[in-house]
Structures are given as structure tokens and as C-alpha cells.
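Structure assessment
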Amino acid sequence: MSEETLRVRFAPSPTGYLHIGGARTCLFNWLYARKCAGELILRIEDTDLARSKKEFLDEILESIEWLGMDWDQIYYQSERFDIYHEYAKKLIDQGSAYKKEGAVFFKYNFDQVKIDDLIRGEIIFKELPKNEEVIIKSDNSPTYNFSCVIDDALMEINCIIRGEDHISNTPKQLLMYKALGFKTPQFAHVPLILSGQGGRLSKRFGATSIRQYRQEGYLSESIVNYLMLLGWSPGENREIISLSEAKEIFTMKAVNKTGAAFSLDKLNWINGEYIRQKTTEDFSDLIINYLKENNALPESIDKNYLNKLASLFKERTLRLSDLLTALKPYLNDEVIYSDEAKKILDNSLIKEVSFLRDSLDKIGDFNKEDIEKTFRKAAEDLNIKLKILVHPSRIALTGTKHGPGLFETIETLGKERVIKRLNKLIDYWSQKQ
Ligand code: GLU
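Read on for an overview of the structure. (Residues numbered from 1 in each chain as written. Predicted model: local features only at pLDDT ≥ 70, side-chain atom pairs only at ≥ 80, totals over all residues. Heavy atoms only, no water.)

On to the pairing of strand 3 (residues 73-76), then. Of the strand pairs in this sheet, strand 2 (residues 39-44) and strand 3 are connected by 4 bridges, and their pairing is parallel. Paired with Ile-44 across the strands is Tyr-76, a residue of strand 3. Handedness of the crossover joining strand 2 and strand 3 through helix 2 (residues 54-66): right-handed. (Pairing = 2+ DSSP bridges. Helix = DSSP H or I, 4+ residues; strand = E, 2+ residues; numbered from the N terminus. Right-handed = clockwise from strand over helix to strand, strands pointing away.)

As C-alpha cells, then:
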């Protein structure tokens, strides 16, 4: 066999944002191309001039790059109409196509077609429902099957990796290859991504575009890692694997034949793992960018304080979007008591909390060890259980019953905020009396 360079392509239609299925197809193409020192061609299938939008195109390119992938060449089908017409004419001239009512039809006699799919093995097509196919529509635009074949042939694509939903197009495309005397490529049809319920992943499922996941605060490394696992396995039960590592070991053989079910829990878990791999400084930068994008970063917040918050939340964050709520009491001066929290505050503890506040105010170096000691000592002096002080303090400081460890939270907030917030709780009780 000749040592031909592998040439694969990803061929999105810019009629919508890059969705999970498309991103995974792009990823498998990218991994295979990089593993084999081949080339990845990006082909924008924008022949539907009415439905193709620049906004979608820009987003598709940006998402591919955001996920960490690149391409070697890019083509736009909208710039290649002359080429498709030239080949349609060739088919007409040789008697394999004819013109009717402004459209061009490709005629064929179907005899059994066989492909040796790199993922699915041998696939035999026994019959086709029709014996002709439109290749140029009456508005002069080419149909998908035709422009796809012309481009795959002229761009010297020798391996077509695409979603399994295109298997039914393959026999028609092979007939066009044959009629035009083009060399046929190899095929690798990647199984579909299923929803957790077993059906096809559809818009009804919730977020399906990469953009939405990005907006929800998933890191690009996590999404790309998760996409890899949808149909491919790095072996040895590994689940956390980077793009640069995967491109060294990717094989088409290890791609599953059956559909892969999308699991949000798994994606969340992976995202949490990548967050924990970040240094506090990097995580802090991610938080800052995310808060900025969501107009949730107060101007007066200093970087040092944000680093402390990053360290407080790193171990317990699954998605950056969770921080929009969780960080509210840390970023805003006003703490709002949740309804659930208010129930705990039914019982006024003015005397006890005032005593605690005075003790905390006396701490010189406001660190979590000394804060904890102060709490314990106050409870002892007041002759009450520690938790009697812990619950209302947590609510006074963050408005809710839940959150990171209280003593760390107190250290992070700093003495000034803590005293102010305890005073506010004391006022709240005084007004209720
Ligand atoms: N534009 C087609 C799609 O997005 C490409 C199909 C193919 O890869 O042949 O589904």
C-alpha cells in the first residue's frame, strides 16, 4: 500500500450553533488526523444560502478553537458553485444526468453496494428506493450529496469520518464517485449520541450546543474530554484524558459500534475534576472571566480576595455557573436570608451572638484556627453547644445553611465583613422583638 497522507474533513453546515454531535465528529476527525500526521480540512457546507448565517459560522469556528482543535485548510461551498455546475455538466454530457424543470437529476442503476466501514465493518446496501437523485436544484444550488462527493474527491479526502445518520447517503454518494471516475475513500461512521433515556439527543433534551455548555460554566478541557468518551475509550478504565494525550493514542478500532448515552452527571464530575486540577490562581482567573461575562463582578473587589474565594470553592465546584449564586453573599455587601434560613433564626440569640461577635473582634490575626478556638471558647463560656453559635453565624454571614466550612468562610470574608454581618443579624432580632 502506498504511504498516502491521511486527509479527513469536518463539514458543518452553518445553519445552527455547533452541537455536541458535530463537535464530537470534529474531534474524532481531529484526533485521527493528528495521530496519523494527516490533514484536517474544514469544509463549510453553506450551500443553503437562506439558512446559512455568519453568526453560526463564527460561532462554529470559535467553538472548535475554544475546544482546543485546529484545522489545516478551510473551504466554503458557497464559493464553489461553478465547480459543482461543471461536474453536473460532465454527468449530463456523459448521459448520467439530465435536466428537468430547472433541476439536474443524476440517474443510476443500482446494484448492491458494499463498504468496509472502519468502525462498523462491512455494510451492504441491497436496494435504493429510487433510481435518480437531484444534484442541482432549480435555484442552481447543489444538493448535499452532490457537493459533498465533488468536494471530498477534489479535496482528496481519503477517509470520511461522520455521524451514523449519514450511512443512508453513502450508497448514493458511492454511485456518484463511480459515475465520475473518482477514487472512493474509506468511511468511518461514528455512532449517534443518545439521550440518557435512550432516544436521540435532541433539542428537547436541554442544552445541545457547545455554546450553551460554555455559558453554563463548563471548561473546554472537560467538554472535549467528555466528548472523547462518547464513543471512544482510551482503555484501562481511564476517564480523565487530555486532548494532547488522546491524540497520541487514538485509534478508530477503539471507537464503539453502538450509540453512546450522554450523561450530564458524568460531564459534571469531569468538570469538577478539571477545576480541581487548576491552581488557585488559574481558577481565580476563570472565575473572574466568568463573573465578568455574566455582569456579576463588582468593580471594587480585589484580586487577593478573589483568590481566597477561589481557594474556598475549588474543592466543591462542579460548574462555574453554580458560583453565580454561591458567591453572591461574598461579593455583595448585603446578605439576604433565605426563607429556609429565616426559620432557623426564629429563635433570638442576641446575647449569645453579641458575645461571639465581641470575642471574634478581639482576634488579632484572623485565621481559621483562631476563629475556631474563639467559637469553642465562646460556647464554653456561654455554656451552650457549639452548633447553637454555628448555625446562626453561617446564616448571618452567607444567608444560607449551606456552604464551605464555616471557619474558613469566616477567615475568607475577613473581620470587617464578619462583624458587620453579625451586627446585622443582631439588628434583625432586635427589630423582631
Ligand atoms: N454538512 C453535513 C452535516 O452537517 C456533513 C455531512 C458529512 O459529513 O458528509 O451533517
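Another aspect to go through is the pattern of salt bridges. Applying the stated criterion across every chain, the model contains 29 salt bridges. Two residues, Glu-39 and Arg-7, come together in a salt bridge whose shortest N-O distance is 2.6 Å. Taken together, the residues span a long stretch of sequence, with Glu-39 in strand 2 and Arg-7 in strand 1 (residues 7-10) at a distance of 32 residues. By relative accessible area, which is 26% here, Glu-39 ends up partly exposed. The salt bridge involving Arg-120 is made with Glu-164; its shortest N-O contact spans 2.6 Å. With a gap of 44 residues between them, Arg-120 in the loop between strand 6 (113-117) and strand 7 (121-125) and Glu-164 in the loop between strand 9 (159-163) and helix 5 (170-180) connect regions that are remote in the sequence. Look at Arg-120 and you get partly exposed, because its relative accessible area is 31%. The structure contains a network of salt bridges with shared partners spanning Arg-9, Arg-43, Glu-45, Arg-80, Asp-151 and Asp-152. (Salt bridge = Lys/Arg side-chain N within 4 Å of Asp/Glu carboxyl O. Buried < 20%, exposed > 50% of the residue type's maximum accessible area, 1.4 Å probe, protein only.)

A negative phi angle characterises most non-glycine residues, just as the trans form characterises most peptide bonds. Even without being glycine, Glu-156 reaches a positive phi, approximately 55°. Glu-156 gets classed as exposed once you look at its relative accessible area, which sits at 55%. With a phi angle near 60°, Asn-383 is a residue other than glycine that sits in the positive phi range. Along the chain, the position of Asn-383 falls in the loop between helix 16 (368-382) and helix 17 (386-398). For Asn-383, a relative accessible area of 71% gives the class exposed.

Okay, the side chain of Asp-117 next. Here Asp-117 is to be found in strand 6. This buried residue, Asp-117, is left without a salt bridge; Arg-120 holds the nearest opposite charge, at 5.5 Å. Side-chain polar atoms of Asp-117 contact the backbone nitrogen of Ile-119, separated by 2.9 Å. Ignoring sequence-local partners within four residues, the contact set of Asp-117 consists of Ile-123, Phe-187, Ala-188 and His-189. (Lys, Arg positive; Asp, Glu negative; His and termini not counted. Polar contact = N/O pair within 3.5 Å; in protein donor to acceptor, adjacent residues only side chain to side chain. Contact = heavy atoms within 4.5 Å.)

By nearness alone, every residue bordering the ligand is listed as Arg-9, Ala-11, Ser-13, Glu-45, Tyr-144, Cys-148, Arg-162 and His-166. A distance of 3.0 Å separates a nitrogen atom of the ligand from a polar side-chain atom of Ser-13. At 2.7 Å, a side-chain N or O of Glu-45 approaches a nitrogen atom of the ligand. Protein contacts shield 78% of the accessible area of the ligand, which totals 300 Å² for the unbound molecule. The cavity that encloses the ligand is the largest pocket. The residue inventory of the shell around the ligand, partitioned by class, reads 3 nonpolar, 2 polar and 3 charged. (Near = heavy atom within 4 Å. Areas by Shrake-Rupley, 256 points an atom, 1.4 Å probe, with all protein chains shown as cover. 1 Å grid on protein atoms, 1.4 Å probe; cavity = no way out; pocket = protein on both sides within 12 Å on 5 of 7 lines; lining within 4 Å. Sits in = over half its atoms within 2 Å of the grid points. Nonpolar A, V, L, I, M, F, W, Y, C, P; charged D, E, K, R; others polar.)

A few words on the state of the cysteines. Per the stated rule, a full pass over the model turns up 0 disulfides. Here Cys-36 stays unpaired: no disulfide links it, and the sulfur of Cys-159, its closest cysteine neighbor, is 8.5 Å away. Looking at Cys-36, the relative accessible area reads 36%, which means it is partly exposed. A relative accessible area of 1% means that Cys-159 is categorised as buried. (Disulfide = S-S within 2.5 Å.)

Moving on: helix 2. In this model helix 2 runs 18 Å from its N-terminal to its C-terminal C-alpha over 13 residues, within 8% of the 18 Å that 1.5 Å per residue would give. Within helix 2, burial applies to Phe-56, Leu-57, Glu-59, Ile-60, Leu-61, Ser-63 and Ile-64. Residues of helix 2 that are buried in the fold lie against strand 1, helix 1 (20-35), strand 2, strand 3 and helix 6 (210-215). Phi for Gly-68, located one or two positions after helix 2, is positive at around 100°. (Expected span 1.5 Å × (residues − 1).)

The next point concerns the packing of helix 11 (residues 303-313) against helix 18 (residues 406-413). Between helix 11 and helix 18, the least distance of the axes is 9 Å, while the angle of their chain directions is 170°. Of the possible angle classes, the one that applies to helix 11 and helix 18 is roughly antiparallel. Two secondary-structure elements touch here, helix 11 through Tyr-305, Lys-308, Leu-309 and Leu-312 and helix 18 through Glu-408, Thr-409, Thr-412 and Leu-413. Residues belonging to the contact of helix 11 with helix 18 are distributed by class as follows: 4 nonpolar, 2 polar and 2 charged. (Axes fitted to C-alpha atoms, helices over the stretch in contact; angles between N-to-C directions. Parallel < 35°, antiparallel > 145°, perpendicular 65-115°, else oblique.)

Among the secondary structure elements, Ile-287 is positioned in helix 10 (residues 280-293). The exposure class assigned to Ile-287 is buried, which follows from its relative accessible area of 4%. Once residues lying within four places of it in the same chain are set aside, the contact partners of Ile-287 are Ala-310, Leu-320, Leu-323 and Leu-327.

With parallel pairing, the 3 strands of this open sheet are ordered in space as 1-2-3. At either end of the open sheet lies a strand with only one pairing partner, and these are strand 1 and strand 3. Taking the axes of each pair of neighbouring strands and ignoring which way they run, one obtains an average angle of 25° across the sheet. With respect to the sheet, helix 1 is in contact with strand 1 and strand 2, its orientation differing from that of strand 1 by roughly 165°.

Moving on, we come to helix 5. The buried fraction of helix 5 amounts to 9 of the 11 residues, a majority that puts the element mostly inside the structure. Looking at helix 5, one finds that the buried residues are Thr-170, Pro-171, Lys-172, Gln-173, Leu-174, Leu-175, Met-176, Tyr-177 and Leu-180. Residue Gly-181 follows helix 5 closely and has a positive phi angle near 70°.

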